[in-house]
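Residue strings, one per chain:
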Amino acid sequence: MSFLALKSIFYKLVLVLYFYSGNPASAESTLDGSYKSEFMMRMNMVVYQGNYVCPREVPIKIILRIVGNQLSGSIENTHEQCNNWQNASISGSIDDEGNFLKTKFIHKDKIYGRREDAYKIEGNILSEMTLKSKSRQFWKDKQFKATKFNEFAF
């Protein structure tokens, strides 16, 4: 093998190693991780669910996971006897500073969830956010904050 052929192979090998050992295409961000918020959300009216009168305030838990600029998660009403409201999976995107660009809620209750419950989050993951509600008859928009946590800690 000639010197030029070895030199060519060497340069190709260096290029291959350079491209495959560098940063991955979706590099980790300082925002990557899991965020949680738990708060009481006030209903604007008395609601009956079966034989049970729902309380005026229901406990809400929001979990958001961020990888790159994509987010996923859930919102859940944790009241054990009145849990048909505010239950949905969440997807969307944020910018590099943590501002919400887009959120989509897929409600477990396909009819009333879309008409009455939360439909998007506005604000910044690192500061105050607003949970926007479809029907102000039932829910006012709610401001909240989230804290970063290790989802896999024992």
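Everything here concerns the structure above.
Predicted model only: the values in this text are computed from it and were never measured.

Asks: Quick one: what's the story with the nonpolar core, residue by residue and with numbers?
Replies: In this structure, Ile62, Leu64, Ile75, Ile121 and Leu131 are the most contacted members of the largest nonpolar core, which totals 28 residues. Among the secondary structure elements, those contributing two or more residues to this core are β1 (33-42), β4 (57-67), β5 (70-77), β6 (88-94), β7 (100-107), β8 (118-123) and β9 (129-133). A total of five residues in this core trace back to one element, the largest contributor, which is β4. When residues no more than four places from it in sequence are discounted, the contact partners of Leu131 are Phe39, Met41, Ile62, Ile75, Phe105, Ala118, Lys120, Ile121, Asp141, Lys142 and Phe144.

Asks: Which residues make up the pairing of β8, and what are the values?
Replies: Looking at chain direction, β8 and β9 are connected through five bridges and run antiparallel. Residue pairing for β9: Gly123 is matched across the bridge by Met129. With antiparallel pairing between neighbouring strands as the criterion, β8 and β9 make up a hairpin whose turn holds five residues.

Asks: Provide a residue-level description of the pattern of salt bridges, including the pertinent values.
Replies: It is possible for side chains bearing opposite charge to pair when their charged atoms get close. Under the counting rule described, the total for this entry stands at three salt bridges. Linking Glu38 and Lys36 is a salt bridge whose minimum nitrogen-to-oxygen distance equals 3.7 Å. For the salt bridge of Lys132 with Asp141, the shortest nitrogen-to-oxygen distance reads 2.9 Å. A relative accessible area of 25% means that Asp141 is categorised as partly exposed.

Asks: For the sheet that holds strand β11 (residues 147-149), give the residues involved together with the corresponding values.
Replies: Strand order in the open sheet formed by six strands is β7-β6-β5-β4-β1-β11, and the pairing between neighbours is antiparallel. Two strands close off the open sheet at either side, each with one partner strand: β7 and β11. Pairs of neighbouring strands in the sheet enclose a mean axial angle of 25 degrees, with direction left out of account. Where β1 meets β11, three bridges bridge the pair, whose relative direction is antiparallel. Bridge pairing links Tyr35 to Lys148 in β11.

Asks: Describe the environment of Thr30, naming the residues involved and giving the relevant values.
Replies: In this structure, Thr30 sits in the loop between α1 (3-21) and β1. Considered as a pair, Thr30 and Val67 are 37 residues apart in the sequence and their alpha carbons are 9.7 Å apart.

About the thresholds
- Every chain's residues receive numbers from 1 upward, in the order its sequence appears when written.
- Residues qualify for local features only when their pLDDT is at least 70, as the model is predicted, and side-chain atom pairs are given and counted only at 80 or more; totals for whole chains, interfaces and linings, by contrast, use all residues.
- Side-chain numbers come from the whole structure's heavy atoms, not from hydrogens or water.
- The term nonpolar core refers to a set of buried residues drawn from Ala, Val, Leu, Ile, Met, Phe, Trp, Tyr and Cys, joined through side-chain atoms within 4.5 Å.
- To sort residues, take the accessible area from a 1.4 Å probe on protein chains only and compare it with the maximum for the residue type: under 20% means buried, over 50% means exposed, and anything in between is partly exposed.
- Runs of E in the DSSP output that reach at least two residues are strands. Runs of H or I that reach at least four are helices, and both are numbered from the N terminus.
- Contacts between residues were defined by any pair of non-hydrogen atoms, one from each residue, lying within 4.5 Å.
- Strand pairing requires that DSSP identify at least two bridges connecting the strands.
- For this analysis, a salt bridge means a side-chain nitrogen from Lys or Arg found within 4 Å of a carboxyl oxygen belonging to Asp or Glu.
- Under this scheme, a helix contributes an axis fitted over its contacting stretch, all axes are lines through C-alpha atoms, and angles between N-to-C directions fall in the 0 to 180 degree range.

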